[in-house]
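# Fold and contact review
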Amino acid sequence: MRERRNVNAMRSAVVVLGALAFGYLTLQLGFKPYLERAQIAADQSELSSSLEQQQQEQPNSSSTRHF
């Protein structure tokens, strides 16, 4: 009787893990286009902010005069 309970508990755990994996994959496949767009937008935002930061760090050479 005790063995049967352990087997049922293990079977339930495997079913739950399988359902979670299936749900995760379904969400990944269903939202893939949106996730890719969001990743591209985040990369572009990061790139533009790093370029702006570099431009602010470099002094404007046209406004400085060398005597």
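Structure shown above.
Report follows, based on the coordinates. (Residues numbered from 1 in each chain as written. Predicted model: local features only at pLDDT ≥ 70, side-chain atom pairs only at ≥ 80, totals over all residues. Heavy atoms only, no water.)

### Digging into the overall build of the chain
Across its full length, the chain carries two helices and zero strands. Classification of the 67 residues of the chain by burial places 0% in the buried group. In the structure as shown, the chain presents an accessible area of about 6900 Å², 59% of it carried by carbon and sulfur atoms. (Helix = DSSP H or I, 4+ residues; strand = E, 2+ residues; numbered from the N terminus. Buried < 20%, exposed > 50% of the residue type's maximum accessible area, 1.4 Å probe, protein only. Areas by Shrake-Rupley, 256 points an atom, 1.4 Å probe, with all protein chains shown as cover.)

### Observations concerning the packing of helix α1 (residues 2-30) against helix α2 (residues 32-57)
For the pair α1 and α2, interaxial distance at closest approach is 5 Å and the crossing angle is 65°. For the pair formed by α1 and α2, the contact residues are Gln28, Leu29 and Gly30 on the first element and Lys32, Pro33, Tyr34 and Leu35 on the second. For the contact of α1 with α2, the residue count by class is four nonpolar, two polar and one charged. (Axes fitted to C-alpha atoms, helices over the stretch in contact; angles between N-to-C directions. Contact = heavy atoms within 4.5 Å. Nonpolar A, V, L, I, M, F, W, Y, C, P; charged D, E, K, R; others polar.)

### Quick word on the packing of aromatic side chains
As enumerated under the stated definition, the model contains one aromatic pair in all. Their ring planes at 55° and their centres at 6.3 Å tell us that phenylalanine 31 and tyrosine 34 sit as a pair that is tilted. On the basis of relative accessibility, which here comes to 43%, the residue phenylalanine 31 falls in the partly exposed class. (Phe/Tyr/Trp six-rings, centres within 6.5 Å; stacked < 30°, edge-to-face > 60°.)

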